[in-house]
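# Close look at the chain arrangement
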Amino acid sequence: MRIWKFPLEVVDLQELSLPPKSKLLTVQMQYGKPCLWALVNEENTAKELRKIAIYGTDDPLPDNLGEYIATFQMHGDDLVFHVFEVN
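All of these numbers come straight from a predicted model, not from anything done at the bench. (Residues numbered from 1 in each chain as written. Predicted model: local features only at pLDDT ≥ 70, side-chain atom pairs only at ≥ 80, totals over all residues. Heavy atoms only, no water.)

Okay, the overall build of the protein chain next. Looking only at helices and strands, the protein chain features zero helices and seven strands. Starting at the N terminus, the α and β elements of the protein chain follow one another as β-β-β-β-β-β-β. Against the globule reference of 12 Å for 87 residues, the protein chain gives a C-alpha radius of gyration of 13 Å, in line with a compact fold. On the principal axes, the C-alpha backbone points of the protein chain span a range of 40 × 30 × 15 Å. Within the protein chain, the fraction of its 87 residues that count as buried is 32%. The long-range share in the protein chain, meaning contacts at least 24 apart out of those at least 6 apart in sequence, stands at 63%. (Helix = DSSP H or I, 4+ residues; strand = E, 2+ residues; numbered from the N terminus. Rg over C-alpha atoms; globule rule 2.2 N^0.38 Å. Buried < 20%, exposed > 50% of the residue type's maximum accessible area, 1.4 Å probe, protein only. Contact = heavy atoms within 4.5 Å.)

Any functional reading would require information beyond the geometric quantities listed.
Shown next as structure tokens:
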């Protein structure tokens, strides 16, 4: 097992390719860019697509938000975003 980092784009929805059963741990800023960290089994060479949604504070939200992962801030804390995995 290892912890891997996945840089994120600040977009409504994106897909990440991860080994199956990876555990999404957190999202934080690193060098001015949001990154997701996940616990993965690197020996599993198979991949699965995981959908990640990012919502800004006070944005309209869908009925099914998904599973909450983390909140991060950008631009001197002026922008606050909330990250969910959408099933």
